[in-house]
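Here's the letter readout for the chains.
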Amino acid sequence: MPATLSLDQARRVALAAQGLHKGRPTGPVTARAVGRTFARLQLVQIDSVNVLVRSHFLPFYSRLGDYDRDILQRMSGSHPRRMLEYWAHEASYIRPEHYQDLLLWQKRAWVGASRLDPELRNDVAARILAVLARARPMTATELTARLGHVEEKQTANWGWNWNAVKRVLEHLFEEGLVSAASRTGQFERRYTLTSKVLPYPAPAGREMDSTTALHRLTDAAAQAHGIGSIRCFADYFRTPVKATALAVEHLVEQGRLEPVSVSGWGREVFRHVEAALPRRATGRALLSPFDSLVFERRRLWELFGFHYRIEIYTPEPKRRYGYYVLPFLLRDRIVARVDLKADRTGGRLLVRSAFAEPDAPADTAVELASELKLMGQWLGLPDVEVGPAGDLAAGLGRELSRL
């Protein structure tokens, strides 16, 4: 019979796997600590929205507190790289050891690349590869200028009006021929040959068949989750559900996963054999809308009773909570949500709305006020200003005034 866990126990397993079950380090955060956190998470999603801070910086703050963001720049932009860009759970920084496996499973038809004239696509690709073979890393704009490519600007596809050079670059990126060497201050990729970023074709002694690759990816996803369903594990690296189900079956046979029963969770659940079960959870964190704890919405609801939707693309009059809303984790519950914006010119962290969950504990406003103050200090925004929207706003404002 499968082992039985209470919902509280399952929550603690999930939080421990993500490094969110305990308080943050009290001393300076080292590059080694950041690396360990990344190894635990396996990947960090990238998003261009910068209303608060680039989203890939937030998961490390949530788990480690005040850390130097330049550490991530060095991990992703200096040799030997410990973070690579590729498609996983959307655009992500991934561990280098997952790169070859993901190449076998991530196939995304990028905007217009497949619809370009094959002769044009092949010609542009050959010229791009020739330039990058002998040049420094370059942005799509720089490469367009270097190639002397001119075309009429497209306006038909809002947000995706890429020229042929950019489209072919993304095709080559997906194919694994080019990679991102770093990012500019405007968050543009600087492209280079993958061989310059990852100078080995595959880790020595590793099998490169797709089935074995999926076993590794599923095992990594299960480690990052601690506990979850087949769909949870598939969602982490965005692998096919049916194929992931076979990988889970294999990992159960190999003793890497064990079926468990979780009270109130109405589907088949598996726990990774390396997953810890802390006696209690004492952490506190504001979570990025793209944090890996909140990737899979059904899992989030089943574990925490928390319904979450990113409303960035929802018209403002139809938004319920705000534009860039961060869940607030307190101990083993998600107890509130806040819509945050960085006013960098004014040195203010703006809380545009603050809502408590129905079962939020009495100390929610106190703890959230302290957390916002710490976040403001990390971002160089010493003043935290709370707007009137939300049932938690007034109490939060009072607590902040006491700090």
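Keep in mind the model is a prediction, meaning the values are calculated, not measured.

Brief notes about the side chain of E296
Inspection of the secondary structure assignment puts E296 in the loop between β10 (284-286) and α13 (297-304). In terms of polar contacts, E296 uses its side chain to reach the backbone amide nitrogen of R299, at 2.9 Å. Aside from chain neighbours lying at most four places away, what touches E296 is R231, C232, D235 and R267.

Things to note about unusual backbone geometry
Apart from glycine, the bulk of residues carry a negative phi angle, and the bulk of peptide bonds sit in the trans form. Residue P80 is reached from H79 by a cis peptide bond, and omega for that bond is -5°. Within the element layout of this structure, P80 appears in the loop between α4 (70-77) and β3 (84-88). A positive phi angle, close to 65°, is found at E90, a residue other than glycine. Considering the arrangement of structural elements, one finds E90 in strand β4 (residues 90-94). With relative accessibility at 30%, the residue E90 sits in the partly exposed group. In the Ramachandran plot, R331 falls in the positive-phi region, its phi being about 60° despite a non-glycine side chain. Summarising the element assignment, R331 is placed in the loop between β11 (325-330) and β12 (333-343).

Here's the deal with the packing of helix α7 (residues 140-147) against helix α8 (residues 164-175)
It is the contact of α7 with α8, at a shortest axis distance of 9 Å, that shows an interaxial angle of 120°. Here α7 lies oblique to α8, going by the angle between them. Judged by the twist between their axes, the crossing of α7 over α8 is right-handed. Residues A140, L143, T144 and L147 of α7 pack against V165, K166 and L169 of α8. A class-by-class count of the residues in the contact of α7 with α8 yields five nonpolar, one polar and one charged.

Some words on the sheet that holds strand β1 (residues 3-5)
Pairing in this open sheet of four strands is mixed, and the strands run β1-β8-β9-β7 from one edge to the other. The two strands at the open ends of the sheet, each matched to only one other strand, are β1 and β7 (227-228). As paired strands, β1 and strand β8 (residues 257-262) are joined by three bridges and run parallel to one another. Residue pairing in the sheet places T4 in a bridge with S261 of β8.

Thoughts on the sheet that holds strand β14 (residues 383-389)
Read from one edge to the other, the open sheet built from five strands follows the order β10-β11-β12-β13-β14, with strand pairing classed as mixed. Unpaired on one side and paired on the other, β10 and β14 mark the two borders of the sheet. Direction aside, the axes of adjacent strands within the sheet are offset by 30° on average. One ladder, built from five bridges, connects strand β13 (residues 348-356) with β14; its direction is parallel. Looking across to β14, one finds that L350 is bridged to E385.

Re the environment of L172
Mapped onto the elements, L172 comes out in helix α8. Residues L172 and T144, 28 residues apart in the sequence, show an inter-C-alpha distance of 15 Å. Other than its neighbours up to four places away in sequence, L172 contacts A125, I128, L129, L177 and V178.

What to know about the packing of helix α14 (residues 364-378) against helix α15 (residues 393-401)
It is at 8 Å that the axes of α14 and α15 come closest, and there the two elements cross at 60°. Classed by the angle they form, the pair α14 and α15 counts as oblique. When you trace α14 past α15, the crossing you get is right-handed. Residues A365, V366, L368, A369 and L372 of α14 form the contact with α15, whose own contacting residues are G395, L396, E399 and L400. Within the contact of α14 with α15, the residues separate by chemical class into seven nonpolar, one polar and one charged.

Some points on the nonpolar core
One broad rule of soluble globular proteins: the nonpolar side chains tend to lie buried together. In terms of nonpolar packing, the biggest core is built from 97 residues, with L52, I128, L340 and M375 touching the most fellow members. Leaving out residues up to four positions away in the same chain, L340 has contacts with V51, L52, L286, Y324, L326, L349, L350, V351, R352, L372 and M375.

Each value, and the rule that gives it
Residues numbered from 1 in each chain as written. Predicted model: local features only at pLDDT ≥ 70, side-chain atom pairs only at ≥ 80, totals over all residues. Heavy atoms only, no water. Helix = DSSP H or I, 4+ residues; strand = E, 2+ residues; numbered from the N terminus. Polar contact = N/O pair within 3.5 Å; in protein donor to acceptor, adjacent residues only side chain to side chain. Contact = heavy atoms within 4.5 Å. Buried < 20%, exposed > 50% of the residue type's maximum accessible area, 1.4 Å probe, protein only. Axes fitted to C-alpha atoms, helices over the stretch in contact; angles between N-to-C directions. Parallel < 35°, antiparallel > 145°, perpendicular 65-115°, else oblique. Left-handed = near helix turned anticlockwise from the far one by under 90°. Nonpolar A, V, L, I, M, F, W, Y, C, P; charged D, E, K, R; others polar. Pairing = 2+ DSSP bridges. Core = buried A, V, L, I, M, F, W, Y, C linked by side-chain atoms within 4.5 Å.

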